[in-house]
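# Overview (structure and organization)
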Amino acid sequence: MTSSIVHDTGPVTRLVLLRHGQTDWNVEGRFQGQLDVGMNQTGREQAALAAPQVAQLAPEVIYSSDLQRARETAETVGQLFGLPVGLDERLREINVGSWGGLTGAEMAERDPSFAEALREGRDFRRSSEGETSHEVGLRMRAALEELAGRHEGSTVLVASHGLALRMATGYLLGWDFAHSWQLGPVSNCGWSVLVRGAGRPWRLEAYNRVAQVAPPVVGV
C-alpha cells in the first residue's frame, strides 16, 4: 500500500498565530474591535505563562498588531529571545465602528438582526462603518502571505486578535467564511500553527493551543 502522507521537502515556512491576553472588556463581553484596550493582570499572567511554551517553537521573527494588548503579548515572547516586534496595523482586530464598548446583549437590544445572524452563523457588518468577517479574512490573509513571503523557510510569530486569527487561519487554508467560522473561537493567549513547504499550500498543524501549567512535584 502506498502512503498518502505528503512530506514537505526543502525549506518550510511556519506561522505561529498568537492571540493577546485577557482584557477587562473580554471579561465583560464588550466589543473591542480596533479600540486600544490594554490587558488586565490576568492577561499579563497568561502572556507570561504562554511565552516560554510558544518560545519552544523557536520563532525567528515577530510581528504584531499595533494595538497594545497584542503588542504587549508579542513583546513578552520577544524578550525571551531579544527579538524586536514589528508592528503592522493590518493585523488589527475586526473594525466594529460605533459598536465599540457595547456588550452583545446591548447590541441584540438595539438590533435584533445582529443576534439572529450570530445565532445562525451568518456573516454581518459590525455597524455601518465597520467590517465583515469575510473582509477581515481577506485582509489578514493578504498581510500574512506578505509577511511569510519575506521570511521563507523561517518561523514567524504573529500576535493578533481573536476573530482576526480565526478568519486568518481559515482563509489561509483556502476556506470561505462559513467553514472558517466552524473553527471556533481562539482563547486568550491561544496559538495556532500553520506550515507550508516550498510550492505547497498552507497546512494546519495546531489550532488554539493554550499554555499548560506544570503539575506540582510530589515527593522527593
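An account of the accompanying structure is given in this report. Because the structure is predicted, anything quoted here is derived from the model rather than measured. (Residues numbered from 1 in each chain as written. Predicted model: local features only at pLDDT ≥ 70, side-chain atom pairs only at ≥ 80, totals over all residues. Heavy atoms only, no water.)

So, on to the pattern of salt bridges. Two side chains of opposite charge can pair, provided their charged atoms sit close to one another. Tallied over the entire structure, the rule returns 15 salt bridges. Here Glu146 and Arg90 are joined by a salt bridge, their closest N and O atoms 2.9 Å apart. With Glu146 in helix H6 (residues 133-150) and Arg90 in the loop between strand E3 (85-87) and helix H4 (104-110), this pair connects stretches of sequence that are 56 residues apart. For Glu146, a relative accessible area of 32% gives the class partly exposed. What makes Arg90 partly exposed here is its relative accessible area of 30%. Close ionic contact of Glu146 with Arg150 constitutes a salt bridge, the shortest N to O distance being 2.8 Å. Separated by 4 residues within a single helix, Glu146 and Arg150 lie in helix H6, roughly one turn from each other. By relative accessible area, which is 47% here, Arg150 ends up partly exposed. What you see here is one network of salt bridges that share partners, running through Asp88, Arg90, Glu146 and Arg150. (Salt bridge = Lys/Arg side-chain N within 4 Å of Asp/Glu carboxyl O. Helix = DSSP H or I, 4+ residues; strand = E, 2+ residues; numbered from the N terminus. Buried < 20%, exposed > 50% of the residue type's maximum accessible area, 1.4 Å probe, protein only.)

Let us look at the pairing of strand E4 (residues 155-160). Taken across its 6 residues, E4 has 6 buried, putting it largely inside the fold. Burial along E4 is two-sided: the residues Thr155, Leu157 and Ala159 and Val156, Val158 and Ser160 are all buried. In terms of strand pairing, strand E1 (residues 12-19) meets E4 through 6 bridges, oriented parallel. Note on E4: the bridge partner recorded for Arg19 is Ser160. With 4 bridges joining them, strand E2 (residues 61-64) and E4 adopt parallel strand pairing. Bridge assignment links Tyr63 to a residue of E4, and that residue is Val158. (Pairing = 2+ DSSP bridges.)

Right, let's talk about the nonpolar core for a bit. What tends to happen in soluble globular proteins is that the nonpolar side chains get buried as a cluster. If you look at the biggest cluster of nonpolar residues, it comprises 33 residues, and the most contacted ones within it are Leu15, Leu91, Met140 and Leu144. For this core, the secondary structure elements donating two or more residues are E1, E2, helix H5 (112-120), H6, E4, helix H7 (162-172) and helix H8 (177-181). When residues of this core are assigned to their parent elements, the largest contribution, 7 residues, is made by H7. Formed by 19 residues, the second largest nonpolar core is a distinct cluster that contains Val54, Val77, Trp191 and Ala211. (Core = buried A, V, L, I, M, F, W, Y, C linked by side-chain atoms within 4.5 Å.)

So, about the packing of helix H2 (residues 41-55) against helix H3 (residues 68-81). With their axes 9 Å apart at the nearest point, H2 and H3 run at an angle of 50° to one another. Between H2 and H3, the angle falls in the class oblique. Both H2 and H3 take part in a crossing whose hand is right-handed. Together, Ala47, Ala48, Ala51, Pro52, Val54 and Ala55 of H2 and Thr73, Thr76, Val77, Leu80 and Phe81 of H3 make up the contact between the two elements. Of the residues that constitute the contact of H2 with H3, the class distribution is 9 nonpolar, 2 polar and no charged. (Axes fitted to C-alpha atoms, helices over the stretch in contact; angles between N-to-C directions. Parallel < 35°, antiparallel > 145°, perpendicular 65-115°, else oblique. Left-handed = near helix turned anticlockwise from the far one by under 90°. Contact = heavy atoms within 4.5 Å. Nonpolar A, V, L, I, M, F, W, Y, C, P; charged D, E, K, R; others polar.)

Before going further, it helps to spend a moment on the side chain of Ser65. Topologically, Ser65 is positioned in the loop between E2 and H3. Side-chain polar atoms of Ser65 contact the backbone nitrogen of Leu67, separated by 3.1 Å. At a separation of 2.9 Å, a polar atom in the side chain of Ser65 contacts the side chain of His161. Not counting residues up to four positions away in its chain, the partners in contact with Ser65 are Ala70, Arg71, Leu87, Asp88, Leu91, Arg92, Ala159, Ser160 and His161. (Polar contact = N/O pair within 3.5 Å; in protein donor to acceptor, adjacent residues only side chain to side chain.)

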